[in-house]
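Given next are the chains, with one letter for each unit.
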Amino acid sequence: MVQCFQFTVGERDYGEPSPEDAAWGHKVYHAENMRLETLVGRGVADSEYTYDFGDNWQHRVVIEHVGVADPVVDYPLYQGGERTAPPEDVGGPPGFVDFVEAMGNSRHPAHNDMIRWYGRPFNPRDFGESAVAATVREIAAKRKVAMLAFERTQQPRLVLPHTCLSDILGPDACEMNVAANTCRH
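Residues numbered from 1 in each chain as written. Predicted model: local features only at pLDDT ≥ 70, side-chain atom pairs only at ≥ 80, totals over all residues. Heavy atoms only, no water.

Peer 1: With reference to specific residues and values, describe the overall build of the protein.
Peer 2: Along its length, the protein carries seven helices and five strands. N-terminal to C-terminal, the α/β element order of the protein is β-β-α-β-α-β-β-α-α-α-α-α. When burial is assessed residue by residue, the protein has 21% of its 185 residues classed as buried. For the protein, contacts bridging at least 24 residues in sequence account for 46% of all contacts bridging at least 6. Element-wise, carbon and sulfur atoms account for 55% of the exposed surface of the protein, whose accessible area totals about 14700 Å². (Helix = DSSP H or I, 4+ residues; strand = E, 2+ residues; numbered from the N terminus. Buried < 20%, exposed > 50% of the residue type's maximum accessible area, 1.4 Å probe, protein only. Contact = heavy atoms within 4.5 Å. Areas by Shrake-Rupley, 256 points an atom, 1.4 Å probe, with all protein chains shown as cover.)

Structure, rendered in structure tokens:
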């Protein structure tokens with residue numbers, strides 16, 4: 001299921017525009033048309049990010065540092081993390097607080113219902129760091145392969161001088177070649 005999202009940068013909202021936006025007098029710009037490097041180039045250092053309008057997860061995104069990429073490092077580079085993400089459709093921040101309380105207390109009246117709904121125990125501290133780090137390394141490896149392939153397409157191609165088949169096989173070969181429209185002789 002695709003969830004709605006929106007970045008707010010200054011007075012502009014970026015996301016997936018909908019016909020309903022105009023009905024509400026609200027302009028949403030296509031997020032796919034805005035690159036982070038463009039915003040950074042304009043001096044933007046923070047934005048608001050809303051994910052899943054139903055649960056209304058709101059985040060403040062702050063760009064703390066922009067530096068020159070190290071040419072020997074394969075990006076993206078996993079830096080670390082903490083805590084498990086909330087499950088989809090848990091009810092936003094208040095629902096997540098209720099969920100964590102119920103899951104962490106076997107005597108909580110909603111504990112068994114939450115276990116059934118979620119499908120397994122929930123550890124709010126274990127977000128699977130090794131799996132996240134491995135996934136980021138896989139993304140970096142695929143990006144490296146794609147970048148190398150792109151760089152190969154940017155190299156000048158070797159163009160060999162034309163050699164007519166008549167020079168190799170005799171004059172009859174050239175006539176056959178002319179008939180095939182492949183000889184420039």
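Peer 1: Describe the pairing of strand β4 (residues 46-51), with residues and values.
Peer 2: In this structure, strand β1 (residues 5-9) lies alongside β4, joined through four bridges in antiparallel fashion. Counterpart to Q6 in the pairing with β4 is T50. As paired elements, β4 and strand β5 (residues 57-62) share six bridges and run antiparallel to each other. Within the sheet, the bridge partner assigned to D46 lies in β5 and is V62. The hairpin formed by β4 and β5 contains five residues between the paired strands, and D52 there has a positive phi angle of roughly 60°. (Pairing = 2+ DSSP bridges.)

Peer 1: I'd like a rundown of helix α3 (residues 92-103), residues and numbers included.
Peer 2: With twelve residues, α3 should reach 16 Å at 1.5 Å per residue; the first-to-last C-alpha distance of 16 Å fits that figure. Residues of α3 that are buried include every one of G92, G95, F96, F99, A102 and M103, and no others. Along α3, the residues classed as buried sweep out an arc of 130° about the axis, all on the same side. (Expected span 1.5 Å × (residues − 1). Arc of directions from axis to C-beta.)

Peer 1: How would you summarise the pairing of strand β2 (residues 12-15) if you had to cite specific residues and measurements?
Peer 2: Pairing geometry for β1 and β2, over four bridges, is antiparallel. Residue F7 lies in a different strand from β2, and its bridge partner there is Y14. Between the antiparallel neighbours β1 and β2 lie two residues, among them G10 with a positive phi of about 65°. In this structure, β2 lies alongside strand β3 (residues 28-30), joined through three bridges in parallel fashion. Of the residues in β3, the one forming a bridge with D13 is V28.

Peer 1: Can you tell me about the nonpolar core, naming the residues and giving the values?
Peer 2: Residues W57, V90, F96, F99, M103, Y118 and F122 constitute the largest nonpolar core, which totals seven residues. The dominant element in this core, judged by the number of residues it contributes, is α3, at three residues. Here F96 is in contact with W57, T84, P86, P87, V90 and F122, once residues within four sequence places are set aside. Within the second largest apolar cluster, five residues are counted, among which are V9, Y14, A31 and L39. (Core = buried A, V, L, I, M, F, W, Y, C linked by side-chain atoms within 4.5 Å.)

Peer 1: Describe in detail the packing of aromatic side chains, supporting the description with residues and values.
Peer 2: Under the criterion given, the structure shown has nine aromatic pairs. Between F96 and F99 the ring centres are 6.4 Å apart and the planes differ by 20°, which places this aromatic pair in the stacked class. Taken as a pair, F96 and F99 lie in helix α3 at a separation of three residues, close to a single helical turn. For the ring pair F99 and F122, a centre distance of 5.0 Å and an interplane angle of 70° mean the geometry is edge-to-face. (Phe/Tyr/Trp six-rings, centres within 6.5 Å; stacked < 30°, edge-to-face > 60°.)

Peer 1: Give a description of the packing of α3 against helix α4 (residues 111-118) that names residues and reports values.
Peer 2: Contact geometry for α3 and α4: axes closest at 8 Å, N-to-C directions at 110°. As summarised for this structure, α3 and α4 are arranged roughly perpendicular, according to the angle between their axes. Along the contact surface, α3 presents F99, A102 and M103, while α4 presents H111, M114, I115, W117 and Y118. Counted by class, the contact of α3 with α4 contains seven nonpolar, one polar and no charged residues. (Axes fitted to C-alpha atoms, helices over the stretch in contact; angles between N-to-C directions. Parallel < 35°, antiparallel > 145°, perpendicular 65-115°, else oblique. Nonpolar A, V, L, I, M, F, W, Y, C, P; charged D, E, K, R; others polar.)

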